[in-house]
Each structure stands twice: as C-alpha cells, then as structure tokens.
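Architecture at a glance
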Amino acid sequence: MSDETIAELRKVASIHLVKRLSPVLPVLSRKGMRVPFKTCDEMLRYDAGRHIPLWKLALEYEQARGNLTETEIIAKMIEIVRILRRSIQQGIAGTQYEDRVLGHQCGKFDGLLRSGGLLNGGALNRVVLYVTALMEVKSSMGVIVAAPTAGACAALPAAVIGMAEEMKLCEEDMAKALLASGLIGVFIATRWTFAAEVGGCQAEGGSAAGMAAAALVTLANGTLPQSVAAASMAFQSMLGLICDPVANRVEVPCLGKNVLAASNALSCANMALADYDPVIPFDEVIETAQRVAGQMPREFRCTALGGLSITRTSLAIEEKLAAKKAATCGSLTCGCAPRPPGNQLF
C-alpha cells in the first residue's frame, strides 16, 4: 500500500500505526486476472500451429498470471536456478542431520564419477549425482525448491541443470527449460494434484518426470509438440506408482524414485525428439492418473500403512530414530516416542 493511499485513509479514519508486511508470494494475484489457457489442449489450440516454444508460452502464461514483464520472469527463474545450483554444491560437499535414514552418499559418487570408476552413463551420471545431492540437502533441512514437491524436489532440477551443464548451456537456458516444465506443472495442478496423499507417488514422481521431460526437450530446442509428447510419455510410464516412505522419512525409496523420474525424463525426451508417438494426449494422461488414484488403496497413498513403509526393517528404523530423538529432547509426550506395534496410527 502506497504512502498516498495511507494518507487518504488518514483523512477518513483514525490510524495510529502502520506496519508493512512483505508478501508471502512474490507473484501477486489481482482482480479480474485471466490466463490464456488452463489445459494442454487449450494451449495447443492457442498456439494454432505457430510453433511457439513451450518456454515462450510459459512466459505468456506467467505474464498474464502475475502481471510481470518478460525480463522480470526470466530474472526470477534465474534466481531459482542459482538457489538450486548452490543446493547441489552443498549436497556434494556433505550434509549432516541426525534424524534421517540415509547419510552423505553423493560425495563418493562424485569421486567415482571424476575418477572414471562408474559405469559409463554419460550425462545421466551427472544427473544422478545432482538428484542425490538435492535429496540429501532436503533431508538435512537445507534450502531446496519444491519442484513440484519436497519429496520430488530433485528429479526435475537435477535433470535440467545436469544436462545443461553437460551441454555447456548458460543459466538463462536453464531458466527457460524450468519455465517450460512449470507450464506442464500448471496443467497437472489445475486438473489434478501434486499430493501423494491424494494420488500416490504418481502425483509427485510422475509429475516431476513429465515436467522434466518437457524441460529437456526445451534444452535441445525441440518443438512444442515434441515437448508435450515427452511429458505425456514420461507421465504414462509412472502411472500407479505408490508412496511408501520408509520410517516415515521422505528418503527411501524416494531417492530411487527421483532417479527413476529423471532417467525416465531423459529417455522420453530423446524419444520425443525422434518423433516417437505418445499416442495418449497429455490431458488424458492427467485424467487417467486421477482415475487411477481413486482406484488405489489408501494404504498406498503416503499413509505409512503400506508398501515398504511397513516392512520389519522400516519399522525398526523408525523406532530407532524415534528413540534417539526422544532421548535427545528428554520428553515422552512430544511425539518423538515410537509408535505402537503394528504401525498403528490411531
């Protein structure tokens, strides 16, 4: 609120104190806001054969949504890229945190990658390294970007940054790829959800794979149809994926699922660049994921009541971590104590 507005208010009201709070979100909504499209099909009809790159369509969407200029949008996305790159380097350097299942693992992976001790996975090895680094920062309560979620925070940025570095591309190229991925995410969020509690890990890892695939096609200067095809193929192959975090920590099998999503994205991006037929339109894949979620037993939707989360090993790890935390804080009523036998929530 401007000083002029406050001055006008003072004429009609008794104002004793004014405090200005920064907005929680940097992009402000406004009355009468309209976006050019809300679904993938609407976007393709909006493009009308003009072959506008996906990242430019994302710019148009964001300009309409946030009332920002193209320069402002690119600058904001570059800052996100820099946050992610700092997080990756922090993860590789090593993180420490008591209340987690996995310790620092990507340091050894980095050493073997540099020395030639890994199987030749090409750029994928760098992507796996970056996925692991980001997941370790996340699990140590470090700074991440939840793209699209905290549990699936690594596949998309690791794929984009890792591949862009292999291709010797700049941060603006990375930013454009992330913009493209964001528009794919808009279609998912508008029609469905990113929440594993609602849709299982297909909602998180599946979304991340689809978003990353479109981003990778963007890095390769692929066409709009190729970007959408890559997203569709990647999401198709993640349908039905359950969410079953070991010991109630989003680490296992979440690390592997992020690696899976990134690897899937790379494969589908290359398939799309070669004009493989996705067969099913992206909007229909989203609809299918929603339908599959409704048919999925609730135990497989991030409840810690199914899958790997109720294995003997998982329960033992959970009890061990809870006992350690309880011993540290000295309280039996803070929620640190182990849960009752049988993994009962109530």
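Residues numbered from 1 in each chain as written. Predicted model: local features only at pLDDT ≥ 70, side-chain atom pairs only at ≥ 80, totals over all residues. Heavy atoms only, no water.

**Brief notes about the overall build of the chain**
Across its full length, the chain carries 14 helices and zero strands. When its helices and strands are written in sequence order, the chain yields α-α-α-α-α-α-α-α-α-α-α-α-α-α. Taking 2.2 N^0.38 as the reference for a compact globule, 346 residues should give roughly 20 Å; the C-alpha atoms of the chain span a radius of gyration of 22 Å, in line with that estimate. Taken over the C-alpha atoms alone, the chain extends approximately 65 × 60 × 45 Å along its principal axes. Here the chain, with 346 residues, has 46% of them falling under the buried criterion. Pairs at least 24 residues apart make up 72% of the contacts formed inside the chain by residues separated by at least 6 positions. Looking at charge distribution, the chain has the averaged site of its 34 positive side-chain charges lying 5 Å from that of its 32 negative ones. (Helix = DSSP H or I, 4+ residues; strand = E, 2+ residues; numbered from the N terminus. Rg over C-alpha atoms; globule rule 2.2 N^0.38 Å. Buried < 20%, exposed > 50% of the residue type's maximum accessible area, 1.4 Å probe, protein only. Contact = heavy atoms within 4.5 Å. Lys, Arg positive; Asp, Glu negative; His and termini not counted. Charge placed at Lys NZ, Arg CZ, Asp CG, Glu CD.)

**Quick word on the pattern of salt bridges**
Under the counting rule described, the total for this entry stands at 17 salt bridges. One salt bridge connects K257 with D244, and the closest N-O pair in it is separated by 3.1 Å. Placement of the pair is K257 in helix α12 (residues 254-273) and D244 in the loop between α11 (224-236) and α12, with a sequence separation of 13 residues. Assigned by exposure class, K257 and D244 land together as buried. In the salt-bridge network here, residues are joined through shared partners; they are R82, R85, R126, E165, E166 and E171. (Salt bridge = Lys/Arg side-chain N within 4 Å of Asp/Glu carboxyl O.)

**Structural notes on the confidence of the model for the chain**
Mean pLDDT for the chain: 93, with 95% of residues reaching 70 or above. Scored below 50 in pLDDT, residues 337-346 shows 19 contacts in the model against residues more than four places distant or in partner chains. (pLDDT = per-residue confidence, 0-100.)

**Focus: helix α10 (residues 201-219)**
Between its first and last C-alpha, α10 extends 26 Å over 19 residues, near the 27 Å set by a 1.5 Å rise per residue. Count one or two residues on from α10 and you reach N221, which has phi positive near 60°. (Expected span 1.5 Å × (residues − 1).)

**Structural notes on a nonpolar patch on the surface**
On the surface, M1, L9 and V12 cluster together into a nonpolar patch covering about 340 Å² of accessible area. You can see V12 is positioned in helix α1 (residues 3-12). Given the relative accessible area of 71%, V12 is considered exposed. (Patch = residues over 30% accessible without salt bridge, like charges linked within 9 Å, V, L, I, M, F, W, Y side chains within 5 Å. Areas by Shrake-Rupley, 256 points an atom, 1.4 Å probe, with all protein chains shown as cover.)

**Regarding helix α3 (residues 54-66)**
The terminal C-alpha atoms of α3, which comprises 13 residues, lie 18 Å apart, in line with the 18 Å expected from a rise of 1.5 Å per residue. At its buried positions, α3 is contacted by α2 (40-47), α4 (70-93), α8 (171-191), α10 and α11. Positive backbone phi, approximately 55°, marks N67, located one or two places after α3.

**Here we look at the packing of α11 against helix α13 (residues 282-295)**
As a packed pair, α11 and α13 sit with axes 9 Å apart at the nearest point and diverge in direction by 20°. Taken together, the axes of α11 and α13 lie roughly parallel to each other. Relative to α13, α11 is oriented so that their crossing is left-handed. Residues V228, A231, S232, F235 and Q236 of α11 form the contact with α13, whose own contacting residues are F282, V285, I286 and A289. In terms of residue class, the contact of α11 with α13 is made up of seven nonpolar, two polar and no charged. (Axes fitted to C-alpha atoms, helices over the stretch in contact; angles between N-to-C directions. Parallel < 35°, antiparallel > 145°, perpendicular 65-115°, else oblique. Left-handed = near helix turned anticlockwise from the far one by under 90°. Nonpolar A, V, L, I, M, F, W, Y, C, P; charged D, E, K, R; others polar.)

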